[in-house]
Amino acid sequence: MKIEGKFIFKVAGTLTAISLVVALLLGLTNMLTADKIAAINKQKTEEALAKVVSSADCEFPEVTDVPQEVIDAANEQGGKLTNVYEILVGGENAGYAFQVTASGSQGNIVMIVGVDADLTVTGVSIVSNSETAGIGSKVMDNEATSAGTGALDQFVGKSGAGTLVVKQNIDAVTGATVSTKGVTKGVNAALAAAEAMN
Amino acid sequence: MSVTKLLAISLGAILTNNFIFSQFLGICPFLGVSKKSDTAIGMGLAVTFVMGLASAFCFGVNKILVALGLDYMQTVAFILVVASLVQFIEMFLKKSMPTLYTALGVYLPLITTNCAVLGVVLLNVQNDYNFIESVVYGITGGLGFLLAIYLFSTVRERLEFADYPKAFEGFPIALITAGLIALAFMGFSGLQVWPM
Amino acid sequence: MNFNKQLKDGLIYQNPVLVQVLGMCSTMAITTSVSNGLGMGLSVLVILTLSNIFISLLRKIIPNEVRIACYIVVIAGFVTIVDLCLQAFVPAIAESLGVFIPLIVVNCIILGRAEAFASKNSVAASAVDGICQGIGYTAVLLILSAFRELLGAGTLLGIQIMPSSYVPANMLTLPVGGFLCLGTLIAIMQWALAKSEKKNAAKKETEGK
């Protein structure tokens, strides 16, 4: 089958032309929406940060130069460390808040874990997740575990990186063990990172 | 990246988070090609192959897009990669395995629109897998699809002779059967041999 | 371009999910709650209409050999635009729909209508077709998700409807529930269509006599 140059030109040319027009439209939409999306993400993180510390008058400047051993320490516990924020209460350092990603039951759970200067957890809040509605989402919404406390509240006051294990010292929400394990991994990772920060 | 993580990904893709029975990806060809076991196996293998290759290529494409700050072009770029891959495989099968080519018929180009293929590529990005993990997820996801479609085809072959209300003929009874298999697969959800 | 006929087709006789059996992946995965179903249905309606219009506009220019690739590029473009808009203006819906938004690209309905209708008809007719098929799809999503959310979680649009003594049938919001509900709905549709066909055939017979 002899393929004429003109034919290839017409076919490839049309496809390329259409692709370019589409790419242009996309670039335009991206320009219009990128800032808004970034602002929404920032707001989500700020809300999650405010939830992990109980005192008012807190600031959370981001730590830009995170040492590699801190990231590695978190990795070893199964959590990927993406951001570190310093917790400043009244201008004084009161620990760190770690944005950690750990795998849950239906994909990744992004959470913020606050750890104070004594290496104990001050709070856990979820930034984003895709857990099953009505099951894993119960953990994300801080519903009561089999022991009665909130699934996320139970981490407050705990310490010891790597020592938190579901069914031993952490209670699971009935039917949502994997999601609870995901959050536990993240908290262990944050505790390990806090140790390495000092 | 550790071997246990790869094993955990594989176990997840085949059993606990099966692409068909847990994640609903790849239903159309699942229902369309599962009437006979041998076509089902052929389709399953073809899809596995495409998913593995697509994961590999799209990993590279994604790295380039992210480096250029063009994240929003992911969907367009990925689907173009998948479409071209399927085109090549079609030409390859036509030359070297013509019987399989004719058996798959119109369903071969339909692998392009198979949610499982685009789905696995998008999930690789979402889960932030590295290259080996992406390819492993792609291949084992395909194997999970193969397992699902083969199991289902054996059931459907027996369904031909079963007695059910006329209104359920065709897709409804197939869907209900698939639902029951999905219920069975739910039993795997507690299976965590390797921590992930 | 007959709006009434196309609407009836989209809702009943050529319903994309229940009759043409297309777009099942998203139908079963998304219908766990009414807000998800509504969000997805409207997104598909918008993308379907836009892509039908575009492809109909370009139908004389696109060479036959690369038509599928061209359709896919156009559809992917519109999907990304809708994805970005959802993320910017309704982030909660974007998050719960998750990976299924980009998967609208391979939603057989959109590619199917592009191939079967938009490539052969005028822009106006294609636009109407997109809207009607989109309405049919959204209707199915709403019915399924209302059923699954109400009985599976006791809520509708997040508002508790069932009395607190009702123990929700969680199974309905799981994959198995999706398969069973969709299968039953298609069976009901097939039964209804067969019945109306029988009625029409009987009517024609008595008229012919």
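Residues numbered from 1 in each chain as written. Chains lettered and ligands numbered in written order. Predicted model: local features only at pLDDT ≥ 70, side-chain atom pairs only at ≥ 80, totals over all residues. Heavy atoms only, no water.

(A) Focus on the pattern of salt bridges. With the rule as written, the count across this model stands at 4 salt bridges over all chains. Taking the shortest distance from any N to any O, the salt bridge between lysine 44 of chain A and glutamate 95 of chain C comes out at 2.9 Å. Here lysine 44 of chain A, found in helix H1 (residues 5-52), pairs with glutamate 95 of chain C, found in helix H5 (residues 91-97), and the two come from separate chains. When its relative accessible area of 25% is taken as the criterion, lysine 44 of chain A is described as partly exposed. (Salt bridge = Lys/Arg side-chain N within 4 Å of Asp/Glu carboxyl O. Helix = DSSP H or I, 4+ residues; strand = E, 2+ residues; numbered from the N terminus. Buried < 20%, exposed > 50% of the residue type's maximum accessible area, 1.4 Å probe, protein only.)

(B) Inspection of the interface of chain A and chain B at higher detail. Contact with chain A, which involves 13 residues of that partner, is made by 10 residues of chain B. Approximately 940 Å² of surface area, both sides summed, lies buried where chain A meets chain B, with 46% of it carried by carbon and sulfur atoms. Taken together, the connections running from chain A to chain B amount to 0 salt bridges. Summed over the shared surface of chain A and chain B, the number is 0 residue pairs in polar contact (both at pLDDT 80 or more). Secondary-structure elements contributing two or more residues to the side of chain A that touches chain B are H1 and helix H4 (177-197) of chain A. In terms of residues, the side of chain A that touches chain B owes the most to one element, H1 of chain A, which gives 4 residues. Class assignment of the residues belonging to the side of chain A that touches chain B gives a composition of 3 nonpolar, 7 polar and 3 charged. (Contact = heavy atoms within 4.5 Å. Buried area = accessible area lost by both parts, 1.4 Å probe. Polar contact = N/O pair within 3.5 Å; in protein donor to acceptor, adjacent residues only side chain to side chain. Nonpolar A, V, L, I, M, F, W, Y, C, P; charged D, E, K, R; others polar.)

(C) Molecular detail of the layout of surface pockets. Reported here for the second largest pocket is a volume of approximately 1,100 Å³. Around the second largest pocket, the lining comprises 34 residues; the ones closest to its centre are Pro109, Leu110 and Thr112 of chain B together with Ile68 and Leu111 of chain C. Going through the elements one at a time, helix H2 (27-32) and helix H4 (74-96) of chain B together with helix H4 (67-89) and helix H6 (108-118) of chain C are the ones with two or more residues in the lining of the second largest pocket. Sorting elements by how many residues they give to the lining of the second largest pocket places H4 of chain B first, with 8 residues. For the lining of the second largest pocket, the residue count by class is 23 nonpolar, 7 polar and 4 charged. (1 Å grid on protein atoms, 1.4 Å probe; cavity = no way out; pocket = protein on both sides within 12 Å on 5 of 7 lines; lining within 4 Å. Points joined across faces, edges and corners; volume = space filled by probe spheres on them.)

(D) Local environment of H1 of chain A. Between its terminal C-alpha atoms H1 of chain A stretches 65 Å, which fits the 70 Å expected from 48 residues at 1.5 Å a residue. Taking the largest bend as the criterion, H1 of chain A deviates by roughly 40 degrees, centred on threonine 33 of chain A. (Expected span 1.5 Å × (residues − 1). Bend = angle between axes of the 7 residues up to and from the residue.)

(E) The interface of chain B and chain C, seen in detail. With 34 residues of chain B at the interface, the matching set in chain C holds 33 residues. Approximately 3,000 Å² of surface area, both sides summed, lies buried where chain B meets chain C, with 87% of it carried by carbon and sulfur atoms. Linking chain B with chain C are 0 salt bridges, by the criterion used here. On the surface where chain B and chain C come into contact, there are 2 residue pairs in polar contact (both at pLDDT 80 or more). Among the elements that take part in the side of chain B that touches chain C, helix H8 (residues 171-186) of chain B stands out by supplying 9 residues, more than any other.

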